[in-house]
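Given next are the chains, with one letter for each unit.
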Amino acid sequence: ETGVTQSPTHLIKTRGQQVTLRCSSQSGHNTVSWYQQALGQGPQFIFQYYREEENGRGNFPPRFSGLQFPNYSSELNVNALELDDSALYLCASSLQGPQFFGPGTRLTVL
Amino acid sequence: AQSVAQPEDQVNVAEGNPLTVKCTYSVSGNPYLFWYVQYPNRGLQFLLKYITGDNLVKGSYGFEAEFNKSQTSFHLKKPSALVSDSALYFCAVRDEPAGANNLFFGTGTRLTVIP
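Residues numbered from 1 in each chain as written. Chains lettered and ligands numbered in written order. Predicted model: local features only at pLDDT ≥ 70, side-chain atom pairs only at ≥ 80, totals over all residues. Heavy atoms only, no water.

### Some words on the nonpolar core
Part 1 of the reasoning: The biggest cluster of nonpolar side chains holds 27 residues, and the ones touching the most others in it are Trp-35, Leu-47, Leu-48, Phe-74, Leu-76 and Tyr-89 of chain B.
Part 2 of the reasoning: Where this core is concerned, the elements lending two or more residues are strand 2 (10–14), strand 3 (19–21), strand 5 (32–38), strand 6 (44–50), strand 8 (64–68), strand 9 (73–78), strand 10 (87–94) and strand 12 (109–114) of chain B.
Part 3 of the reasoning: In terms of residues, this core owes the most to one element, strand 10 of chain B, which gives 4 residues.
Part 4 of the reasoning: Setting aside residues no more than four positions away along its own chain, Leu-48 of chain B makes contact with Leu-33, Phe-34, Trp-35, Val-57, Lys-58, Gly-59, Phe-63, Glu-64, Ala-65, Phe-74 and Leu-76 of chain B.
Part 5 of the reasoning: Counting residues in hydrophobic clusters, the runner-up holds 19 residues, among them Val-4, Val-19, Leu-21 and Trp-34 of chain A. (Core = buried A, V, L, I, M, F, W, Y, C linked by side-chain atoms within 4.5 Å. Buried < 20%, exposed > 50% of the residue type's maximum accessible area, 1.4 Å probe, protein only. Helix = DSSP H or I, 4+ residues; strand = E, 2+ residues; numbered from the N terminus. Contact = heavy atoms within 4.5 Å.)

As structure tokens, this is what we get:
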């Protein structure tokens, strides 16, 4: 059984740029959630995708967007990057049960 | 609104002693409660969950948690701490299964087990 994987591991961008983060869900899981974990904080829910449709969204602006593909992998896109977007971005997959998290992508915005 | 509180930023315990990491929650419906652990530069690892049933839930690595509805608490426990248990622990909650499956996390408690 393959766990949740994320790419890239680390990323450095400058303000105003755009970024795409990728997530492969655990085998058989059809739901993917994205979280932002700022330094010293708990993860905060960004949005969730279920069968390629957005299925819930947290308190994040529209410049945070996502996709889910037929194989249930997912992308998180962030436009017009701001310094406060620097964080660990976590992807989690599930199938009517607990969410299993990937190792995260650490994004630094300079 | 859903929320969880972890009142202790840091918990220190000697190896071999019992440990408790505290969590209280607030939900509008029936709570689904979770504990996750995060090691440095790693994602979150699922430890255990409470959905319904027995108030004492057993999980991975010898951890257990006690659900107390009257005190709205879900404290994480382990009878004998190991140095390797040193990590960041997060409590999380979500409302009843209807709707999105998103979790609300606490701010985390850093557990240090002293040899």
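This is not the end of the story, as more comes after the structure.
### Considerations on the interface of chain A and chain B
Part 1 of the reasoning: Counting from both sides, the interface comprises 20 residues of chain A and, opposite them, 16 residues of chain B.
Part 2 of the reasoning: For the interface between chain A and chain B, the tally reads 0 salt bridges.
Part 3 of the reasoning: Counting across the chain A and chain B interface gives 3 residue pairs in polar contact (both at pLDDT 80 or more).
Part 4 of the reasoning: When contributions to the side of chain A that touches chain B are tallied by element, the ones reaching two or more residues are strand 4 (31–37), strand 5 (44–50), strand 6 (53–57), strand 9 (87–94) and strand 10 (100–101) of chain A.
Part 5 of the reasoning: With 3 residues, strand 9 of chain A is the largest single contributor of residues to the side of chain A that touches chain B. (Salt bridge = Lys/Arg side-chain N within 4 Å of Asp/Glu carboxyl O. Polar contact = N/O pair within 3.5 Å; in protein donor to acceptor, adjacent residues only side chain to side chain.)

### Comments concerning the layout of surface pockets
Gaps between atoms show up when a probe of the same size as a water molecule is rolled over them.
All names here are of chain B.
Part 1 of the reasoning: One number sums up the size of the largest pocket: a volume of about 520 Å³.
Part 2 of the reasoning: Looking at the lining of the largest pocket, the elements with two or more residues in it are strand 10 and strand 12.
Part 3 of the reasoning: Across the lining of the largest pocket, the residue classes tally to 8 nonpolar, 12 polar and 4 charged. (1 Å grid on protein atoms, 1.4 Å probe; cavity = no way out; pocket = protein on both sides within 12 Å on 5 of 7 lines; lining within 4 Å. Points joined across faces, edges and corners; volume = space filled by probe spheres on them. Nonpolar A, V, L, I, M, F, W, Y, C, P; charged D, E, K, R; others polar.)

Keep in mind these numbers describe shape, not what the thing actually does.
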